[in-house]
Amino acid sequence: MAAGKEIRGKIKSVENTKKITKAMEMVAASKMRKAQERMRAARPCSEKVRNIAANLSQANPEYQSPYMRTGGTAKAVGFIVVTTDKGLCGGLNTNMLRLVTGKMREASDAGKAVQAVAIGNKGYGFLNRIGASVVSHAIQLGDAPQLEKLIGPVKVMLDAFVAGQLDAVYLCYTQFINTMKQEPQVQQLLPLSASHLQQSAAEKAQYGWDYLYEPDAPTVIDELLTRYIEALVFQAVAENMASEQSARMVAMKSATDNAGNLIAELKLIYNK
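Parameters at a glance
- Residues numbered from 1 in each chain as written.
- Predicted model: local features only at pLDDT ≥ 70, side-chain atom pairs only at ≥ 80, totals over all residues.
- Heavy atoms only, no water.
- Axes fitted to C-alpha atoms, helices over the stretch in contact; angles between N-to-C directions.
- Helix = DSSP H or I, 4+ residues; strand = E, 2+ residues; numbered from the N terminus.
- Parallel < 35°, antiparallel > 145°, perpendicular 65-115°, else oblique.
- Left-handed = near helix turned anticlockwise from the far one by under 90°.
- Contact = heavy atoms within 4.5 Å.
- Buried < 20%, exposed > 50% of the residue type's maximum accessible area, 1.4 Å probe, protein only.
- Salt bridge = Lys/Arg side-chain N within 4 Å of Asp/Glu carboxyl O.
- Pairing = 2+ DSSP bridges.
- Phe/Tyr/Trp six-rings, centres within 6.5 Å; stacked < 30°, edge-to-face > 60°.
- Core = buried A, V, L, I, M, F, W, Y, C linked by side-chain atoms within 4.5 Å.

### What to know about the packing of helix α2 (residues 92-109) against helix α3 (residues 121-129)
Line of reasoning, step 1. At their nearest, the axes of α2 and α3 sit 11 Å apart, and the two run at 40° to each other. By the angle between their directions, the pair α2 and α3 is classed as oblique. Considering how the two elements wind past one another, α2 and α3 form a crossing that is right-handed. For the pair α2 and α3, contact is made by Asn 93, Leu 97, Thr 101 and Met 104 and by Lys 122, Gly 123, Phe 126 and Leu 127, respectively.

### Section: the environment of Ser 246
Line of reasoning, step 1. With respect to the helices and strands, the residue Ser 246 is situated in helix α6 (residues 217-271).
Line of reasoning, step 2. On the basis of relative accessible area, Ser 246 is assigned to the buried category, the value being 0%.
Line of reasoning, step 3. Taking the C-alpha atoms as reference points, Ser 246 and Lys 34, separated by 212 residues in sequence, lie 11 Å from one another.
Line of reasoning, step 4. Not counting residues within four places of it along the chain, the set of residues in contact with Ser 246 comprises Met 32, Gln 36, Phe 176, Thr 179 and Gln 182.

### With respect to the pattern of salt bridges
Line of reasoning, step 1. For the coordinates displayed, the defined rule picks out 9 salt bridges.
Line of reasoning, step 2. Across the pair Lys 10 and Glu 6 runs a salt bridge whose closest N-O atoms are separated by 4.0 Å. Residue Lys 10 and its partner Glu 6 are located together in helix α1 (residues 2-59), separated by 4 residues, close to a single helical turn.
Line of reasoning, step 3. For Asp 159, the salt bridge is made with Lys 155, and the minimal N-O distance between the two is 3.0 Å.

### Side note on the sheet that holds strand β4 (residues 168-178)
Strand pairing within a sheet occurs via backbone hydrogen bonds; the two strands may be parallel or antiparallel.
Line of reasoning, step 1. Spatial strand order, β3-β2-β1-β4-β5: 5 strands in an open sheet with mixed pairing. The open sheet is flanked by β3 (133-138) and β5 (181-190), the only strands paired with a single partner. Taking each pair of neighbouring strands and ignoring which way they run, the sheet shows an average axis angle of 20°.
Line of reasoning, step 2. Pairing of β4 with β5, which is carried by 9 bridges, proceeds in the antiparallel orientation. Each bridged residue has a counterpart across the sheet, and for Tyr 170 the counterpart in β5 is Gln 188.

### Let's talk about the packing of aromatic side chains
Line of reasoning, step 1. For the structure on display, the rule yields 1 aromatic pair.
Line of reasoning, step 2. A centroid spacing of 5.4 Å and a plane angle of 25° characterise the contact between Phe 79 and Tyr 170, whose relative ring orientation is stacked. With Phe 79 in strand β1 (residues 76-82) and Tyr 170 in strand β4, this pair connects stretches of sequence that are 91 residues apart.
Line of reasoning, step 3. You can call Tyr 170 partly exposed: its relative accessible area is 25%.

### Things to note about the nonpolar core
Line of reasoning, step 1. Counting residues in each nonpolar core, the largest one holds 36 residues, and the members touching the most others are Ile 80, Ile 119, Val 169, Leu 171, Leu 189, Leu 190 and Leu 192.
Line of reasoning, step 2. Setting aside anything within four residues of it in sequence, one finds Leu 189 in contact with Ile 80, Val 169, Tyr 170, Leu 171, Ile 229, Leu 232 and Val 233.
Line of reasoning, step 3. If you look at the next biggest cluster of nonpolar residues, it comprises 16 residues, including Val 77, Val 81, Leu 127 and Ala 132.

### Remarks on unusual backbone geometry
Line of reasoning, step 1. For the bond from Leu 190 to Pro 191, the omega torsion is -5°, close enough to zero to count as cis.
Line of reasoning, step 2. In this structure, Pro 191 sits in the loop between β5 and α5 (201-207).
Line of reasoning, step 3. Positive phi, close to 60°, is recorded for Leu 88, a residue that is not glycine.
Line of reasoning, step 4. Looking at where Leu 88 falls in the secondary structure, it is placed in the loop between β1 and α2.
Line of reasoning, step 5. Since its relative accessible area comes to 56%, Leu 88 is described here as exposed.

This is how it looks when you write it as C-alpha cells:
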C-alpha cells in the first residue's frame, strides 16, 4: 500500500511539472513569433545605413575612417558577448560560450590581452566566473531590447578601438537559422573590412546620389559608421532573442513529452 501511495505521489508531481513545461512552451511560442518579427524588421535598417556609408566612402576615397584602421599594435582584442538573461533554453548559451572561450584562449595564446562586454545575464556571470576582464555590461533587457540600453556598453569598446587600445573587436551571438536550428557565431566587428562597404550595381544605382556635407564628409562618414556598428549589435541581440525563444520552446516541448512518457510508465507500474 505504501508503495502504491508513493507512486501516486510521483505521478501527481510529474503531472504538475508537465503543466508548467506545457505553459512555458506555449509562452515561448508566442514570444518567438514576436522576436522573429522584431529580428526581420531590424535587418533593413543596418543595410540602409551601410549603403549610404559605402556611397559616401567611395565618393571620398582619400579619407579612411578610424573604424577601418588595420595593423594595430595594442596587443589586445575585445569581445562583445551576447547571451540570454534567463535559462531553460537548452544548450543555446552553453554552445555559444564554449565557442567564445575557445576564441579567447586562442587570443591569449597569441599573446593578446582580452577584454569583454557582456550583454545578457548568463554571459555576464560566466565571464566573471572564468576571470575575464569585463569592461561593461548590459543585463535585464526584457523581451523587447532597446538600442539606448546597448549604446553605452558598446561605446566603451568602440572608443577603446578608436583610441588604439584594441587591435580588433569580435561580436559573439547565436544566429537564428530556423525554429529547430540556431548557430553560435563569432564575427569580426572591427576593423570594418572593405567588403563591408562594397555595393552591387543595383545598390550603386539606388544610392548613387550627390551629397552636400554638413559639417564635413569625414564627420558624416564616422557618424554613419557608428550608427551602422550599433545597428549590427542590435541585430545580433534581436537574432539572439529569436534563437532564445525558439530554443526554449523546443526544450519545453521535449520536457513535456518526457513527462508524458514518465507518467505512462509510472501508471503502468502502479496498475501492476
